[in-house]
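# Understanding the architecture of this molecule
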Amino acid sequence: MEINSAKYLISNVDVAACPTPNKPEFAFIGRSNVGKSSLINMLTNNQKLAKTSGNPGKTQHINHFIINYDWFLVDLPGYGYAKVSRSQRKEFGKMISKYLQERPNLICVFVLIDSRHKPQAIDLDFLRQLGEWEIPFNVVFTKSDKNKQSETARNCKNFVNKMKEEWEYIPRSFITSAVKYHGRKDLLQYIGELIDEYYAGDDE
Ligand code: GDP
């Protein structure tokens, strides 16, 4: 899939105020600083679309973008952000869980995992929660350029192996670098396939 247009639509704290759910939607989430904004900007080939660190934006909101006038890309708040209070974290948790469970057009959640680290409980816990809610997800490893290729491959494999300890079915994962544009084509192709399936389903 080529991205011909990417436009910011709206930021919300309330799922009810999100755009009419009449198009397929893909959400991106991960720990703060995982490289989510950079990944979104890389995918859309627009370095100014999502707010990157140091560029204070509506990082605690549900941010909707419309891509190719055909599908919604959603930038969700990062989890595990140390600088917010416990009560604020609880509010984000509620907002995210409501969004994930109530958005009818949500096709898939891309959970971003930093490829430099060993498997982290906070990420595994989040995936487990998605599983309990039966929300389809894929894992996107970020910052693959930061380490040697062999080390990145080992970290990603370790994470997938950790998932295998508790999951019967392991969804497809992607290794990406926003700096090198690594993984962009595969990820966009995959999203394109899911969009085609979504619209094919409409005809049945
Ligand atoms: P967010 O908080 O998850 O949106 O993360 P950002 O996209 O703002 O990225 C956090 C930091 O990691 C920034 O300093 C980025 O420049 C850096 N970063 C993000 N993605 C990559 C990547 O693929 N490679 C490298 N080398 N740095 C990255």
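Figured I'd write up the structure that's included with this text.

How each quantity is defined
Starting from 1, residues in each chain are numbered consecutively following that chain's sequence as written. Where local features are concerned, this predicted model is filtered to residues with pLDDT of at least 70; where side-chain atom pairs are given and counted, the filter is 80 or more; whole-chain, interface and lining totals use all residues. Side-chain figures throughout are based on the complete set of non-hydrogen atoms in the structure, without hydrogens or water. Two strands are counted as paired when DSSP detects at least two bridges linking them. Here a strand is any run of E in DSSP of at least two residues, a helix any run of H or I of at least four, and the numbering for each starts at the N terminus. Interaxial angle, 0 to 180 degrees, is taken between N-to-C directions of lines fitted to C-alpha atoms, where a helix line uses only the stretch in contact. Residue contacts follow a heavy-atom distance rule, with two residues in contact if any of their heavy atoms lie within 4.5 Å. Salt bridges are counted wherever a side-chain nitrogen of Lys or Arg sits within 4 Å of a carboxyl oxygen of Asp or Glu. Relative accessibility thresholds used throughout: buried, under 20% of the residue-type maximum; exposed, over 50%; partly exposed, between the two (1.4 Å probe, protein chains only).

## Focus: the sheet that holds strand β6 (residues 137-142)
Ordered by their spatial adjacency, seven strands build an open sheet running β1-β3-β4-β2-β5-β6-β7, and the pairing between neighbours is mixed. In this open sheet, the two edge strands, each paired with only one partner strand, are β1 (6-12) and β7 (173-175). In this sheet, neighbouring strand axes are inclined to one another by 25° on average, regardless of whether the strands run parallel or antiparallel. In the sheet, β6 pairs with β7 via three bridges, with the strands oriented parallel. Paired with valine 139 across the two strands is serine 173, which belongs to β7. Contacting β1, β2 (25-30), β3 (62-67), β4 (71-75), β5 (106-114) and β6, helix α1 (residues 36-44) runs over the sheet at an angle of about 145° to β2. Strand contacts of helix α3 (residues 121-133): β2, β5 and β6, with the helix running at about 165° to β5, the strand carrying the most contacts.

## Notes on the pattern of salt bridges
When the charged atoms of two side chains with opposite charge come close together, those side chains can pair. Going through the model one piece at a time under the given rule, you end up with eight salt bridges. In this structure, aspartate 114 and arginine 116 form a salt bridge, with 2.7 Å as the shortest nitrogen-oxygen distance. In this structure aspartate 114 comes out as buried when scored by relative accessible area, which is 10%. Judged by relative accessible area, which is 30%, arginine 116 ranks as partly exposed. Between lysine 143 and aspartate 114 there is a salt bridge, with the nearest N and O atoms lying 3.9 Å from each other. Of the two residues, lysine 143 is situated in the loop between β6 and α4 (149-164) and aspartate 114 in strand β5; the sequence distance between them amounts to 29 residues. One exposure class covers both lysine 143 and aspartate 114, and it is buried.

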